[in-house]
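# Remarks on the overall topology
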Amino acid sequence: MPCPPKSDDLVFFVNGRKVIERNVDPEVTLLSFLRKNLRLTGTKYACGRGGCGACTVMVSKRDPLSAKIRHFSITACLVPICSLYGAAVTTVEGVGSINTRLHPVQERIAKSHGTQCGFCTPGMVMSMYTLLRNHPQPSEEQLLEALGGNLCRCTGYRPILASGRTFCVESNGCQQKGTGKCCLDPGGNDSSSLLRESDICTELFAEDEFQPLDPTQELIFPPELLRMAEKPEKQTLIFRGERVTWISPGTLKDLLELKAKHPEAPLISGNTSLGPAMKSQGHFYPILLSPARISELSMVSKTSDGLTIGAGCSLAQVKDILAERVSELPEEKTQTYRALLKHLRSLAGQQIRNMASLGGHIISRHCYSDLNPILAVGNATLNLISEEGTRQIPLNEHFLAGLASVDLKPEEILESVYIPHSQKWEFVSAFRQAQCQQNALADVNAGMRVVLKEGTDTIKDLSIAYGGVGAATVSAQKSCQQLVGRPWNELMLEEACRLLLEEVSLPGWAPGGKVEFKRTLVVSFFFKFYLEVLQELKKLVKFMPDSHHYPEISDQFLSALEDFPITGSQGVQRYQRVDSHQSLQDPVGRPIMHLSGLKHATGEAIFCDDIPMVDRELFMVLVTSTRAHAKIISVDLSQALDLPGVIDVITAEDIPGTNGTEDDKLMAVDEVLCVGHIICAVVAETELQAKSATEKIKITYEDLEPVIITINDAIKHNSFLCPEKKLEQGNVEEAFEKVDQIVEGEVHVGGQEHFYMETQRVLVIPKAEDKELDIYVSTQDPAHVQKTVSSTLNIPINRITCHVKRVGGGFGGKVGRPAVFGAIAAVGAIKTGHPIRLVLDRKDDMLITGGRHPLFGKYKVGFMNNGRIKALDIECFVNGGCMLDDSELVTEFLILKLENAYKIRNLRFRGRACMTNLPSNTAFRGFGFPQGTLITESCITAVAAKCGLLPEKIREKNMYKTVDKTIYKQAFSPETLIRCWNECLDKSSFHSRRMQVEEFNKKNYWKKKGMAIIPMKFSVGFAATSYHQAAALVHIYTDGSVLVTHGGNELGQGIHTKMLQVASRELNIPMSSLHICETSTATVPNTIATAASIGSDVNGRAVQNACQILLKRLEPIIKKNPEGTWEDWIEAAFEQRISLSATGYFRGYKAFMDWEKGEGDPFPYYVYGAACSEVEVDCLTGAHKKIRTDIVMDACCSLNPAIDIGQVEGSFIQGMGLYTTEELKYSPEGVLYSRGPDEYKIPTIADVPEEFNVSLLPSSQTPPTIYSSKGLGESGMFLGSSVFFAITDAVAAARRERDTVEDFTVRSPATPEWVRMACADRFTEMTPTAKG
Ligand SMILES: Cc1cc2nc3c(=O)[nH]c(=O)nc-3n(C[C@H](O)[C@H](O)[C@H](O)COP(=O)(O)OP(=O)(O)OC[C@H]3O[C@@H](n4cnc5c(N)ncnc54)[C@H](O)[C@@H]3O)c2cc1C
Ligand code: FES
Ligand code: FES
C-alpha cells in the first residue's frame, strides 16, 4: 500500500508555549483546538460565525514589510488552525490568572462590575487587552472600535466601557467625564435633591485601587518565531487532513503554479467569507491555497495619481493606510478614500476587520459589500496575476455581477487594487443603513460619485452603485448616463429619483425583503448625496469670486447631512450609601463585586461545556423537522448509522418511561408541529461525526393542513392553546357612552430571542451503580430537569443529581427547555452506556427553543377632552407556538399587569394564547409584561394625540395617586411610583428638555428629536404560594469555613454574591470565610425555578433562616466565651457535639388568584420605576441616536447596589433591543431565517444611550423581603420602551410637519425600516406601494 504523502509540522505558539502539531487537520478551527486539544476553555463558543466576539483571542505576527510585530484580535471560531503557522496566539489564560497575576484589564472589568454571567467576559478582556498592546493609552474612539465586535447580553455594556475607560488618555476618574461636568463638583451639574443628600453615593468602584498597566510585563513575541519570520523559509508547506489539504506556498511563483494546477481551489485569506459558507452552506473544497506567506500581496505603493493596496492586506490595515493617505493629501484628492474610511469604521467588528482581506472582500462580491460600491464608483482597478503574467480589469458593474468575460480566470489571483485619487470638482460619498449602527450588515449601502464641469453645476460624469438591492452590487449606469449634462439642481434631483427607481427595480424577492424600505433608501441616499455635493460646492465657491451660483440648502435641511457618530456612553449611577453605623465587615448594601467576577475575567470560571471530556464520552446532535405541520411517514437511519464514529440514533422508541406529555412530547412520534420539532438525536464519537450523520437521516413527511404561522392565522382558524383569560372592573360599555372621545387602535409587538451567550448545553454521566446519573446542565431549574429525566427514564428522582455551577445567561429561556435536552441526552446515555454531551449550536438553539411571545393587541379607549381616561377595553393575543409551555401563565401575567401604573375605573382586559406551527414560545424576562404594557402606553399616546396634550400629561393625570386597589383587587400604595416619576422628571430636567426638543424639531426637517417618560408598576414573584418556597443548607466546617448551598441558580444576576452577603451579615463573619460551590439537587431538593425576580429574596430568606438556626445553636458557646473568635466557637461547638449543619427554609409569600372572581393577591410586592429617554431620528434613513436615558428605580434597600444597577441597566438595554432592533424573521412556511448574530441584532456597545443615568430611589418602605430589598431582575426590561416611545414621538413630529395626519399603527420593534416608512415624505411617495 502506498504511504500517504507526509504532512508538514504546524508550528506556532500559544501563551508563550510552542505548539508543534503533526498531522494537523485543516478543518479544525483555532477555537476547537484551544478548547479540546489544549484544554484552554476560557475562549468561548457562542455563535461560531464571527458575529459575537466570545471567542476573541490575540494573534501576533511579524509584519514582513514594516518588520514590526503586529498584535490583532481575531475570532477563533473562524480561524483555521493551519493559518497560524509562525504566529503567536494569546488567550485569556495567557493574559493573567487568579493564581499567578491578574492583568489590569481582568482586574478592572471585574471590579467595575463589567461581568454578570461572565460568558462574554474573556472575549471582552481579549479585545481590550489587544487594544492596550497596541495603544497603552487608547482614545475613547479606539476603545469603542475595539469592543464593537463583542456582544454582551447581560450588562448593557456601560460597566464594561467604564472599565476600559480607566485606561484611556483622558481618564480622570469621573464617570461623567466627557460631559464637561463632574458629578462630584459641589453644585455641579445636578441640582436635584438626590445628589445633595449626603447618603447618596455615585461610585461603584474605586479606580485608585486598580493596579497600573505595565506594558513591560507582557509576554514577548517568541524569539524563535522572530527568527523564523526574519529568515522565512521559502518551501511550500502542506498540511493534509482526512478530507482537506492546506497548501501554503512560500513564494508568489509557487502560489501561481499551484493556482494553475488547482484552479478550483480557493485562496483562503481571512476565511470570514469562505468559513461561514463552508460551515452553513455546505461548500466543500478538498484543497485550500493559503497566500499568507506571500509578502507581495501585502505591498502598498503610493503614486501621484493613486494608491495601490495589496489584496492580502486586512481591512484593518486598509483603514490605517487610507487614514494615513488622507492625512497626507489635500482634501480634494481623498474623496474616495474618505468614503471608504467611513464604511470601514462600521463594517463588521474589529476582529473581522483584522482577519478579512481586501482581496477576499472584493472577490466574495457579497451583495451587501460595503466597499465594492465605493470602489466601483471610484474607478478602482484590479491587478491580476497568474503564471501567464499580469493584467488589469476594472472593478465595475460587470465584474461585480460576475460576468465571466470580465472576471478572474480560474488560474488568476488578485494581487492588488489600484484606487485613483479624486480630482477637484469630483465628489464621492458613501451611505449605509443597517439594523444597528455597528456590527450589522447593511440593508442598503451605496457609493456615489459625481464630477462637475469645472466652475459649473453641470454633471460631467456620474456613477452610483448600490448594495443590498439585488443578488450583487447594482450599478445605476443607465440613470447616470441620462443625467450627464444636467445641472445639479432640484429638477435633476427629481429626475434622478425617477430614473433610479426605474433602474434599481428591486424584485420582490430581494435579499432580506424590506422592498419598500430599500426602494425608499435608494432615493433618500441620493437626496443626501445631492445635499452633500451642494454643501461641498458652497465651500469651494467661497474662494472663487464671481463663480457660478448654486442652489441654496435651506437651513432646515442642513442636519440631513450629519451622520450619527458612534459615541461611548457616559452617565452617573446613584444609590443609597449604607448607614454610617453599619459594621465595616457587613457587606449588605455595599457594591460588592460578583463572586465570580475575577474568574470570569481570567477564563477560569467553568461553564457546563468547559468540563473536561470524561472517559468514553459521546456527542449528541439533534435532528429536527424541516416542515411546520406534517405527518412523519418514515425515518430512515441506515445511512447515518453506517457512518464512521456514529454509535446510535435515539428516537422516541428508545424512551423507557414517558415521552414528555401528550401535548408536549420530548421527541415527535407521528406528527411534527413546527420546523425545529425534535425528531431524533445522533450519538457519535465526535461532534463533527454526529453533525455529518444528521444530514444522512432521511425523513419523509406528508404535509398537513392547516399551517398556522401568525396570530391572524390562528384567530382565523380558532386555534388556541388555552381558554381566554379575562379581568373586568366597572362598566366599560356604559362608560364608553359617557366619554368625550373614543379611539381604537392596534399594536403589534414582535417576539424576542433570548440570545443568552451560552447556548443550551448538558452533560449526562451515567454511573455504574443503581442507575444513578450525574447531570451537569445550564438551567434555571435543575429540579425540573431532574424530574423530567426521572419520568423519561422511569427511574426514581433520587438516582438523579443535577449540578449547576453557573449559567451563561438564561433570561427565562433556561427554565423549561433544558429539561427536554437533559432528558433526551439521558436516554442516549442509558441506551449507549456512555456519557453524553449535548451542546446546541447557535442556529439550532435559535431554531428549536422559542422565545418571547409576539403579541397583537386591539384597544378601545374612552376619555374626556382633558385627557382623563374613563374606559379601556383591551383584547390581546400572544403567539404561543405549537405547545402550551408557559403560554397560559404568560397570558395570565400579561392580563394581570396590563393596567401598569394607571387607575382607570372601567376596564376590560382579555387575552388568549394562540396555537401556531412555530416552536413553542416560553418564559422571557418580564413574562408578558413588556409586550402587554406597550398596548397600554400606546393608548396613552393615542389619547394625548387626540386631546392635543403631551403624553406625559395624560400619564400623570391617569396614574394611581393614593392607596388603592388594582383591577384584581389587590391593595397597594402608589407613593413610591409617584416618587420615581417625580424624581425622574426632575433628574432628567424633563420639561426644559422637552422645550428644547420642540425647538430643535422646528428648525430641522430631516432630523427629529423625540422624548418620552414612562412610569412602571411591576409585580414581582409567581402568582402561587408554593412557588415562593425556598431552602438552603449551610455547613460550618471545623476550621470555621462555611459552605452555603441554596436553591437559586447563578445566571449572572449575582445571586450567589447576594447569598454570601446575607450569610456574612447573619453569622457576622467576613465573606472570605464563606463559599458557594454549586447548586445541586442533592443538597437542596425540590427547588423552584430561579425566575420571576424573586430568587435572591426567597433564597436569601432560607439562607438567613439556616444561619439563624446555627447561630442559635452557637449562642451558649458565644455567651460563655464572648471574647473568643469564630474559630474558637466552632471548635468548642464541635467538641460539645453541636450540629454545625442546618437547613434553612422559607415557606413563601402567600399569593393566589381566583380567575373566576377576577380577584386575588397574586404578588408579594411591586417594584416601581420610571424612565425618560430622548432620541434623534434620521427621517431619511430611519436610523436613530439615543441621546439620553434617565432611570429612577425603586430598589428599596438594595442588597448590592452594583448588582442591582447592573440588573436595571442590563434589562433596560435588553428591552431596548426588543423594542428597536431585535426582529425575528420567518418564511411563510414557518422557517426561522434569523438564526445567528448576523441576522438577529441584539444591541451592541454603540447602542447604549450617550448619557445613561440610573438612580436607585432611596428607601421609604419596608417590604416583607430580605432586609427590605427588592428583586430587580426583570422590571427594567419594560423601561426600554421609553426609547420606543421617544422614537414614535419623533416620528409623530415628522408626520405632523408633513401633514400626514392619519394615525399610524404602533409596531415594535421600531426598526429603521418602520421609522423610515412612518416618516412619510416625498421619497416614500415615490415608491408606489409605500404607505405612511
Ligand atoms: C461576522 C461578519 C460580519 C461581517 N460584516 C460585514 C459588513 O458589515 N460589511 C461588509 O461589507 N462585509 C461584512 N462581512 C464580510 C466580510 O467583509 C468578508 O467576509 C471579507 O471581506 C472576506 O475576506 P476574507 O479575506 O475573509 O475572504 P476569504 O473568506 O478568505 O475568501 C473569500 C473568497 O475570496 C477569494 N480570495 C481571497 N483572496 C483572494 C485573492 N487575493 N485573489 C483571488 N481570490 C481571492 C477566495 O478564493 C474566496 O473565494 C462580514 C463577515 C463576517 C464574518
Ligand atoms: S463564537 Fe466566535 S464570534 Fe461568536
Ligand atoms: S456578562 Fe456579558 S453575556 Fe453575560
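Residues numbered from 1 in each chain as written. Chains lettered and ligands numbered in written order. Predicted model: local features only at pLDDT ≥ 70, side-chain atom pairs only at ≥ 80, totals over all residues. Heavy atoms only, no water.

### Some thoughts on the overall build of the protein
- Helix and strand counts for the protein come out as 40 helices and 48 strands.
- On the principal axes, the C-alpha backbone points of the protein span a range of 95 × 90 × 70 Å.
- In the protein, which comprises 1332 residues, the share counted as buried stands at 64%.
- Counting only contacts in the protein whose residues sit at least 6 apart along the sequence, the fraction spanning at least 24 positions is 77%. (Helix = DSSP H or I, 4+ residues; strand = E, 2+ residues; numbered from the N terminus. Buried < 20%, exposed > 50% of the residue type's maximum accessible area, 1.4 Å probe, protein only. Contact = heavy atoms within 4.5 Å.)

### Considerations on the site of ligand 1
- Taken together, 33 residues form the shell around ligand 1, and within it S269, T272, L274, S357 and D370 come nearest.
- The side chain of H361 places a nitrogen or oxygen atom 2.9 Å from an oxygen atom of ligand 1.
- At 3.2 Å from an oxygen atom of ligand 1 is found a side-chain nitrogen or oxygen belonging to R432.
- Protein coverage of the free-state accessible area of ligand 1, which is 970 Å², stands at 92%.
- The set of elements that each furnish at least two residues to the shell around ligand 1 consists of α14 (358-364) and β14 (413-420).
- No other element matches the five residues that α14 contributes to the shell around ligand 1. (Near = heavy atom within 4 Å. Polar contact = N/O pair within 3.5 Å; in protein donor to acceptor, adjacent residues only side chain to side chain. Areas by Shrake-Rupley, 256 points an atom, 1.4 Å probe, with all protein chains shown as cover.)

### Observations concerning the sheet that holds strand β34 (residues 906-914)
- The strand order across the open sheet formed by six strands is β26-β34-β33-β32-β27-β48, and the pairing between neighbours is mixed. Only two strands of the sheet have a single neighbouring strand rather than two, namely β26 (725-729) and β48 (1306-1308). Recorded for the sheet is a direction-independent mean angle of 10 degrees between the axes of neighbouring strands.
- With three bridges connecting them, strand β27 (residues 741-749) and β48 associate as parallel partners. For V749, the partnering residue across the bridge sits in β48 and is S1308. (Pairing = 2+ DSSP bridges. Axes fitted to C-alpha atoms, helices over the stretch in contact; angles between N-to-C directions.)

### Observations concerning unusual backbone geometry
- Backbone torsion omega between E705 and P706 reads -5 degrees, so that peptide bond is classified as cis.
- Cis peptide bonds are those with omega within 30 degrees of zero, and the linkage from S1308 to P1309 qualifies with 5 degrees.
- Residue placement: P1309 occurs in the loop between β48 and α39 (1312-1318).
- You will see that A67, though not glycine, has its phi angle at about 60 degrees, which is positive.

### A look at the UniProt feature "binding site: FAD" (unreviewed entry) in the protein
- The residues that UniProt annotates with the feature "binding site: FAD" (unreviewed entry) are L267, I268, S269, G270, N271, T272, S273, L274, D370, L414 and R432. For the annotated residues, spread through 166 residues, the largest C-alpha to C-alpha distance comes to 28.6 Å, inconsistent with a single compact locus.
- For L267, the position within the fold is in the loop between α9 (252-261) and α10 (274-280).
- With near-sequence residues (within four places) excluded, L267 lies in contact with L255, K259, L274, L289, P291 and I413.
- Beyond its immediate stretch of four places on either side in the chain, G270 contacts L78, M355 and A356. (UniProt positions renumbered as here; feature names shortened; annotations may be inferred.)

### A word on the pattern of salt bridges
- All told, the structure shown has 80 salt bridges when counted by the stated rule.
- Notably, a salt bridge pairs K767 with E772, separated by 3.7 Å at the nearest N-O pair.
- Here E772 falls in the partly exposed class, since its relative accessible area comes to 28%.
- Through salt bridges that share partners, R35, K44, D609, D610, E617 and R837 make up one connected network. (Salt bridge = Lys/Arg side-chain N within 4 Å of Asp/Glu carboxyl O.)

### Regarding the side chain of Q116
- Inspection of the secondary structure assignment puts Q116 in the loop between α3 (104-111) and α4 (121-134).
- Note on Q116: relative accessible area 8%, which makes it buried.
- A distance of 3.1 Å separates a polar atom in the side chain of Q116 from the backbone oxygen of G1206.
- A polar side-chain atom of Q116 sits 3.3 Å from a polar atom in the side chain of Q1207.
- In this structure, Q116 is in contact with C154, T155, H594, H600, G1052, G1206 and Q1207, ignoring residues within four places of it in sequence.

### A few points about the sheet that holds strand β15 (residues 426-434)
- One open sheet holds the four strands; their spatial order is β15-β16-β17-β18, and the pairing between them is antiparallel. For this open sheet the edge positions go to β15 and β18 (474-475), each flanked by a neighbour on one side alone.
- Bridge analysis of strand β16 (residues 442-452) against strand β17 (residues 459-467) gives eight bridges, and the strand direction is antiparallel. Residue pairing in the sheet places R449 in a bridge with S463 of β17.

### A word on the pairing of strand β4 (residues 69-75)
- With five of seven residues buried, β4 is to be regarded as a mostly interior element.
- In this antiparallel pair of consecutive strands, strand β3 (residues 56-62) and β4, the connection spans six residues, and A67 shows a positive phi of 60 degrees.

### Quick look at the nonpolar core
- Membership of the largest hydrophobic core comes to 290 residues, with the highest contact counts inside it found for Y466, W488, F526 and I775.
- Examining the composition of this core, we find that 15 residues originate from one element, helix α19 (residues 515-542), more than from any other.
- In contact with Y466, other than residues within four places in its own chain, are P373, V444, N445, A446, M448, A472, T473, V474, L500, V504, V522 and F526.
- V89, C313, L400 and L414 belong to the second largest nonpolar core, which has 71 residues in total. (Core = buried A, V, L, I, M, F, W, Y, C linked by side-chain atoms within 4.5 Å.)

### Digging into the state of the cysteines
- Under the counting rule described, the total for this entry stands at zero disulfides.
- Between C722, a free cysteine, and C914, which holds the nearest cysteine sulfur, the sulfur-to-sulfur gap is 9.3 Å.
- Unpaired in terms of disulfides, C1077 finds its nearest cysteine sulfur in C608, a separation of 15 Å.
- What makes C1077 partly exposed here is its relative accessible area of 36%. (Disulfide = S-S within 2.5 Å.)

### Focus on the packing of aromatic side chains
- Counted according to the given criterion, the structure contains 33 aromatic pairs.
- Arranged with centres 4.9 Å apart and planes meeting at 40 degrees, the rings of F527 and F1323 form a pair that is tilted. You can see F527 sitting in helix α19 and its partner F1323 sitting in helix α40 (residues 1322-1326), a full 796 residues away along the chain.
- A residue is classified by how much of its surface remains accessible, and F527, at 0% relative accessible area, is buried.
- On the basis of relative accessibility, which here comes to 0%, the residue F1323 falls in the buried class.
- Considering the side-chain rings of Y960 and F972, the 4.7 Å spacing of their centres and the 85 degrees angle between planes classify their relative orientation as edge-to-face. Of this pair, Y960 sits in the loop between α30 (951-958) and β35 (964-965) while F972 sits in strand β36 (residues 971-972); the two residues are twelve residues apart in sequence, bridging distant segments of the chain.
- Linked through ring pairs, F431, W488, F525, F526, F527, F529, Y530, F557, Y1005, W1006 and F1323 together constitute an aromatic cluster. (Phe/Tyr/Trp six-rings, centres within 6.5 Å; stacked < 30°, edge-to-face > 60°.)

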